[in-house]
Each structure stands twice: as C-alpha cells, then as structure tokens.
Amino acid sequence: MKSFFSYLRLVVACAVVCNLVSSAQDSWAQEAHGIAVTNMDRSVKAGDDFYRYANGEWIKRTEIPADRAAIDVWSKLSDLSNQRTADLIAEIAKSNPPAGSESRKVADLYNSYMDEAGIEAKGLSPLRPHLDAIAAIHDKRELARVLGETLRADVDALNNTNYHTPNLFGLWVAPGFNDSDHYAGYLMQGGLQLPDREYYLGGGDHMRAIREQYQAHIAAMLKLEGFSDPEARASRIVELEHAIAQTHRTLSENEDIHKANNTWTQSDFRAKAPGLDWDEYFRGAGMSQVESFIVWQPEAFTGESALVASTPLETWKDWLAFHLIDAYGGVLPKAVAEQRFAFFGKVLSGTAQQRPRWQRGVFVVDGLLGDAVGQVYAQHYFSPEAKAQAETMVANMIVAFRKRIEALSWMNPATKAEAQTKLSTLYVGIGYPETWHDYSNFEVKAGDIFGNIWRGDLADYQRQIARLGKPVDKKEWSMTPQTVNAVNLPLQNALNFPAAILQPPFYDPKAPAAFNYGAVGTIIGHEISHTFDTEGSAFDSKGRVRNWWTPEDLKHFETATTQLAAQYDTYKPFPDLSLNGKQTLAENIADVAGISAALDGYRASLAGKPAPVQDGFSGDQQFFIAFAENWGEKPREAALRQQVMTDSHSPGEYRSATVRNIDAWYGAFDVKAGEKMYLAPEERVKIW
Ligand SMILES: [Zn+2]
C-alpha cells in the first residue's frame, strides 16, 4: 500500500516471471520542458473531466502494445530504466568479470535466462527431482515438512505491499510491531495461484469465465508434466484453492494492522491452528529455533491448517506439483512457458503477447541481484547534482508539511508534537541506498536458469531468516535505484525515492517549478503523508505500534476519511464494477495530502514572485495539469478489472480526480456548479 504505483504493474501473480513491462515505444510527447500540451484535449471542459482534459489527445493516439496489459507515463520511464539496465548488464557480461564476483553472477544469471536453446534441450529435467520429491511424500507429516520447505520471503505487508504468495504461507521479515529495533518474522496467508480470494469467491460472468479457464490451465500444465487424468486433478486443485480462499482475509481487512498484530509462539500454532504438523513445518522452513511470529491473519492459519488435515494427501501433492510448474513455467521449455502466458498474460491481464525475452531477463536479474545492478546504475544515471536538487525539493516539501500540521485546527497539540517529531526523524533516501545488499550466499551457475532462480529465492529467504532478532538498519532500502517508484517504510519511519523516478516526465530540472511540484512534488507529498495516514497514525516516530493520536483527533480523521471512501465508492469503471473506497482509502488520502502539500511547496518556491505563464497556462494550471498527467494511462479491460479488485491504488483516472477536493483547482480552471466534477465546498474532503 505504501508504494506509489500499483505493484501489479510489476508482477503478475508470480515472483519470478513477469509479463508486463515492455520496450514498445509509446507516443508520450516530451518535446518541451514542462506540461505536455499536445497530450491535452482542450475540447473537454476541465470541470467535467479533468483526466481527459489533461490526457485526452494522448489517450486517443496511443495504442496499447500487444505485449503489455497497460501503458502509461510510468511504463515509458520504466522502459527507459529497463533499457539502461539491459545495456549495463550487456557491458558487465562483455567485460568477462572474475569468477565469484557479483558482476560474474549478473552476467551468468542473465545469460542463463537468455539461453532458450539450452532450456529447450533440458526439457523438464530441472523439474524432475522436485517432482520426484513431491511424489515420494507418504503421509501428512512429510507433507508438512515439504510445505515448510516451500516457505519463501515473498510477501511484504507494509512496504511494497504484496499480500500474495502461491505457497501455503509467506514470510516477511521487518522491524517488529512491538519492538521496532529488532527484526521480526511476519507470517501471512497464501496458497492461491490466482491473485486474490475474490477470484475464487466473486460472482459475475467475468469471474466465472476466469475460473473455468483457470481449471483448464491447471489441467494443461499437469498434462505437460505427464500426469495421468489431469482434468480430475485440476478439478480437485481448484476445489482445494476455493476452500483456502474462504479462509482468507479480504484486501481491505489485510490493511488493518491492528487486526494483524498477533504474536504466536510455536506452541500457539499447535493449539490455535491444529491440522498441520507445525513442528515439521517449521523444521522444513529452517525455523525450528524461532520462538514466535506475528501472524497477520490468524483465522486463515487456522483454516488452512485444518484443510491440510481434511483434504486427501494426493490432492495436496497435485497442488504442490502444479504450483511448482506454474512458478517456474517461464524458464521451462516453450510449450510450458506459452501455456503459462496464455493464462496469466492473456486471460488475467488481457495481454496479447509476451514481452521480449531480454526484458524478462532484466526483470529476473533485478529481482535476484537488484542491488548488484543498482549500484552500477546509480553511478551511471544519478549525478551528485541531481541528488542535491532532489534533496532540496524533498526538504521544501517537509517544510510545507510541517506548516500544514502546525496550522491544523482540529489536531490536539500533543498529537501535533508527535507528528512533528515523526517529520524530524524521518529518513528520506534519495537516489540510492547507503549500503548495498550482499549476495555472497547466492551461487549462480552458467547455463542453469532453473537452478539459479531456485537458489536465488532460497538465498534471499536465508538472508531474511538470518536477520530475525537482529538490530534494525533504519536506513535500509526496500527498492532498487533502477525502480520507477517510491515507497514509505512505516516501521522504519523512512522514505525511498529511487534514482529512476527522479527524471522526466516526473522531474525535470529545466522545467518550471509549477510542473515539478505538480508532477514529482505530489509524489513526494504522497509518500510523506503516509507517515500520517490511517496506518501512519498507528506507528510513532520510532516506528513502534503506538496510537499517538487522541480519540478526538482520530474521530475527526475517521469522519473526513469516511467521506473520501464514499467519494471513491461512487466511481464505476464498468457497469458491474465500482471502486472500493475502503480498499483504496489510504492511497487516496495520500493523494489528497500530497497534492495539498505540493501546492504549498510550489507557492513557497515562488517567494512572492508571479508564476511564469507557459503555453498560456498560469502557474496553478500547470501544477494541476502536471499532476493529472502523472495519471494518463490506457489499461486493457482485464488488467483494469484486476487492479480494481486487488489493488490498494485507484486507477489513474480516479487518482487524477483528487483535484475535486482542492479549492485552488476550482479557481485555476473556473470550475462551476453543474460541471460534472464539481463538489460543493462542504463536500470537498480536507484532511491535512
Ligand atoms: Zn502510496
């Protein structure tokens, strides 16, 4: 929830093989420094449809490339970052780096991904030992151990916000809720291959069609693995996942951290979640010695554990075999990879074709050796001058926030004081981290992509569990420099703004201040405001879970935010699908706050001088248009539906509609009652 962009843009229900980002050229116009006037549709009234007013011509002339689910500003920058990363990897590979060095690992990992002929020649043999191990499971005790062996550090509740793992459960290692100075293990529900419980339980023709195609996909994958009777097995796997989905919390329930703060000792698992042999599970997971965990969704652990006992062993073995082949489908022979894409790419995201292989290769390297590449990326593409300029802008935004908090009429002085302390102790990372991840425990072998991904995920898991109980590094980053995104880390009271987002069209040192504050300023403001939002209000300046708000403050905040949730509930991208105002609330609050603070920062930056007019637009107009241009996007229907159902971020069109709540927008565009986006002053939500 805390990252700026939807993580669905990054991964499609699979940690290792992503299908979304593409190199296809879009037609984003960046001919001048400042707002892209040629992207606007000035035949649309700003007050009727600000999104199309700012982006209409771009939307009309842009085609979604066949290999992606959506196209937007973000994807243009992301393409650039991928291209640069690919070039760096190619250079690294050419330099013939010494054995054992990180550079050698980068080169071998990338080349092993690109070696399609080698992958074809090996066939399913890399999978064989793992399938044999599954076939050899004799009883539920052994099943528990094998389930434990599948545990990976593949979820992230509060930073990059990923609640999904196809493994039975997922691990997130982060500062403890109750002791933020030390790392704790958070365990989260899992077991579903589809993105969320709604895909199993939701009504409507669209969902039913997806479920039918999913079952056919499972049967096809099992058939490719050589299983007998694949249709019957597929039907039992879907039935099991349906039962698992019934035990899961919804996305908006997941975001309530007070419901998530449940410490369970190992004996609590046995008492509260009987069914799974927990001793064997934790033995398989290599965590027998870990005394306690924070269990995010206790009822899912109880429910899933009971299903281990009540569901036949053979069904679990089929489930394991299918999940294995699906996780690695992208690095197995073409027949498997194409079947996987046919379902996850085409059916789930509406994408017609796979991204070019080199881009998927970059993504694999970014996922497993992200800092090794990021270090070189930062040296090449983020100058000390760019870093210094961005730091000044962040400092201005923090001053703007400080003033806004000071001026709040509704907030109690004690609460204000803690909010100011949070601002003072906030760590803002700009461009790249101060220390880099160590990949010495990750063995990369030339020509072995299956093994490399297996060992890479395992090495990451082992690095994570080795940190349990150790002191927290509050300056640790959770994004790589080459990532086009930004993130708030509530348990560390920290923000990361990677180098790759600090460039045009989000940030352009040659553009007017109105543009930069409207574009990247609102992003910075968004991240800062997460420090004070529904979840930020639960963490104090040290990152501890402590309610530092008075009941009256909280009441005001809840009233204002309920109004915002209701506003977003009214948006309907499809006749049968509305936005979920509660699910997207924290992100929408951050957008309202971000734009308010950025507007202050912008006006302060003028230091009393009149704003320069550009292309006939006033400073305030440029500011709001730049903000709405952040959100120009063209998604495929399936991808948009997936976002609405599973993402805490509203689709771009509705993020740009945030302007309805800002008084200055009405003045800037002379918006009057009767125009479609008009809100009466008392209906405009003001939080900060
Ligand atoms: Zn956010």
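Keep in mind that what you see is a predicted model, and the values were worked out from it rather than measured.

From N to C terminus, the chain includes 27 helices and 9 strands. Here the C-alpha coordinates of the chain stretch approximately 75 × 55 × 55 Å along the principal axes. The 688 residues of the chain split such that 63% are buried. Long-range contacts, defined as pairs at least 24 residues apart, comprise 75% of the intrachain contacts of the chain with a sequence gap of at least 6. With an accessible surface of roughly 24,600 Å², the chain has 53% of that area assigned to carbon and sulfur atoms.

As a further point, take the pairing of strand β3 (residues 183-189). When you tally the buried positions in β3, you get 7 out of 7 residues, the bulk of the element. With 7 bridges joining them, strand β2 (residues 169-175) and β3 adopt antiparallel strand pairing. Within the sheet, the bridge partner assigned to L171 lies in β3 and is L187. Two elements, β3 and strand β5 (residues 292-295), share 2 bridges in a ladder whose sense is parallel.

Turning our eyes to something else, we now look at the nonpolar core. Judged by nonpolar contacts, the single largest core of 184 residues is most densely connected at F50, M287, F624, W665, F669 and W688. Not counting residues within four places of it along the chain, the set of residues in contact with W688 comprises R404, L408, W410, M411, F532, W549, F557, I589 and A593.

Before going further, it helps to examine the sheet that holds strand β8 (residues 494-498). Ordered in space as β6-β8-β7, the 3 strands form an open sheet in which the pairing is mixed. Both edges of this open sheet fall to β6 (427-431) and β7 (487-489), since each of them pairs with a single strand only. Pairs of neighbouring strands in the sheet enclose a mean axial angle of 15 degrees, with direction left out of account. The pairing of β7 with β8 spans 3 bridges and is antiparallel. Looking at β8, one finds that L489 is bridged to A494. Of the strands in this sheet, β7 and β8 are in contact with helix α21 (residues 513-530), which crosses β8 at around 155 degrees.

The subject of this paragraph is the packing of aromatic side chains. One pass over the full model with this rule turns up 49 aromatic pairs. Geometrically, the ring pair formed by F169 and Y281 is edge-to-face, given 5.8 Å between the ring centres and 80 degrees between the ring planes. Of the two residues, F169 is situated in strand β2 and Y281 in helix α13 (residues 278-284); the sequence distance between them amounts to 112 residues. Ring centres of W410 and W688 lie 6.0 Å apart, and the angle between their planes is 45 degrees; this geometry places the pair in the tilted category. Taken together, the positions of W410 in the loop between α18 (384-407) and α19 (413-425) and W688 in the segment after α27 (663-669) put the pair 278 residues apart, joining distant regions of the chain. Considered together, W410 and W688 belong to a single accessibility category, that of buried residues. Taken together, F50, Y53, Y517, Y602, F623, F624, W665, Y666, F669 and Y678 form an aromatic cluster joined through their ring pairs.

Here we come to unusual backbone geometry. The omega angle of the peptide bond from P504 to P505 is 5 degrees, so this bond is cis rather than trans. Positionally, P505 belongs in the loop between β8 and α21. Of note in this structure, N96 is not a glycine but carries a positive phi near 45 degrees. By the element assignment, N96 lies in the loop between α2 (73-94) and α3 (102-114). A relative accessible area of 58% means that N96 is categorised as exposed. A positive phi angle, near 50 degrees, is found at D229, a position not held by glycine.

Now for the coordination of the zinc ion. Of the protein atoms, only H526 (NE2), H530 (NE2), E587 (OE) and E587 (OE) coordinate the zinc ion, at distances of 2.1 to 2.8 Å. In this structure, the zinc ion is surrounded by 4 donor atoms whose angles at the metal cover 51 to 132 degrees, and the resulting shape is irregular. Ordering the donors of the zinc ion by residue number gives the pattern H-x3-H-x56-E. Residue H526 and its partner H530 are both found in helix α21; the two are separated by 4 residues, about one turn of the helix. On the accessibility criterion, H526 (0% relative accessible area) is buried.

Counted by the stated rule, this structure contains 34 salt bridges. Across the pair E198 and R197 runs a salt bridge whose closest N-O atoms are separated by 3.4 Å. For the salt bridge of D540 with R546, the shortest nitrogen-to-oxygen distance reads 2.8 Å. A residue is classified by how much of its surface remains accessible, and D540, at 0% relative accessible area, is buried. In the salt-bridge network here, residues are joined through shared partners; they are R141, D277, E280 and R283.

The next subject is the sheet that holds β2. Taken together, 4 strands build an open sheet; the order of strands is β2-β3-β5-β4 and the sheet is mixed. Looking at which strands have only one partner, the edges of the open sheet turn out to be β2 and β4 (263-265). Strand-to-strand twist in this sheet, taken as the mean axis angle between neighbours without regard to direction, amounts to 40 degrees.

Take the packing of α21 against helix α24 (residues 619-629) next. The geometry of α21 relative to α24 is characterised by a closest axis approach of 7 Å and an angle of 30 degrees between their N-to-C directions. With respect to their mutual orientation, α21 and α24 come out roughly parallel. Judged by the twist between their axes, the crossing of α21 over α24 is right-handed. The segment α21 lies against α24, with A514, F515, Y517, G518, A519 and T522 engaging G619, Q622, F623, A626 and F627. Counted by class, the contact of α21 with α24 contains 7 nonpolar, 4 polar and no charged residues.

Tracing the backbone through its elements, the reader meets T562 in helix α22 (residues 551-569). On a C-alpha basis, the gap between T562 and L585 in space is 8.5 Å, while along the polypeptide they are 23 residues apart. Here the side chain of T562 touches E558 through a polar contact of 2.5 Å, landing on its backbone oxygen.

Another point: helix α25 (residues 637-646). Note on helix geometry: an α-helix contains 3.6 residues per turn, so any two residues three or four positions apart are oriented the same way. The element α25 is extensively covered by neighbouring structure, given that 9 of its 10 residues are classed as buried. When α25 is considered as a whole, its buried residues turn out to be A638, A639, L640, R641, Q642, Q643, V644, M645 and T646. Those residues of α25 that are buried lie in contact with α7 (198-201), α8 (205-224), α10 (251-254), α16 (334-349) and β9 (633-635).

Next up on the list: the side chain of D72. In this structure, D72 sits in strand β1 (residues 70-72). A polar atom in the side chain of D72 sits 3.2 Å from the backbone nitrogen of W74. In this structure the side chain of D72 is engaged in a polar contact, spanning 2.7 Å, whose partner is the backbone nitrogen of S75.

A packed helix pair is summarised by two numbers, namely the angle formed by the two axes and the spacing between the axes. Across the interface, α2 lies against α3 with an axial gap of 9 Å and an inter-helix angle of 110 degrees. As judged from the angle between their axes, α2 and α3 are roughly perpendicular. Considering only the axes of α2 and α3, their crossing is left-handed. Across from I89, I92 and A93 in α2, the residues of α3 making contact are S103, V106, A107, Y110 and N111.

Calculation notes
Residues numbered from 1 in each chain as written. Predicted model: local features only at pLDDT ≥ 70, side-chain atom pairs only at ≥ 80, totals over all residues. Heavy atoms only, no water. Helix = DSSP H or I, 4+ residues; strand = E, 2+ residues; numbered from the N terminus. Buried < 20%, exposed > 50% of the residue type's maximum accessible area, 1.4 Å probe, protein only. Contact = heavy atoms within 4.5 Å. Areas by Shrake-Rupley, 256 points an atom, 1.4 Å probe, with all protein chains shown as cover. Pairing = 2+ DSSP bridges. Core = buried A, V, L, I, M, F, W, Y, C linked by side-chain atoms within 4.5 Å. Axes fitted to C-alpha atoms, helices over the stretch in contact; angles between N-to-C directions. Phe/Tyr/Trp six-rings, centres within 6.5 Å; stacked < 30°, edge-to-face > 60°. Donors = N, O, S within 2.8 Å, 3.2 Å for Na, K, Ca; no water. Tetrahedral: all angles 85-135°; square planar, octahedral: opposite > 155°, others 65-115°. Salt bridge = Lys/Arg side-chain N within 4 Å of Asp/Glu carboxyl O. Parallel < 35°, antiparallel > 145°, perpendicular 65-115°, else oblique. Left-handed = near helix turned anticlockwise from the far one by under 90°. Nonpolar A, V, L, I, M, F, W, Y, C, P; charged D, E, K, R; others polar. Polar contact = N/O pair within 3.5 Å; in protein donor to acceptor, adjacent residues only side chain to side chain.

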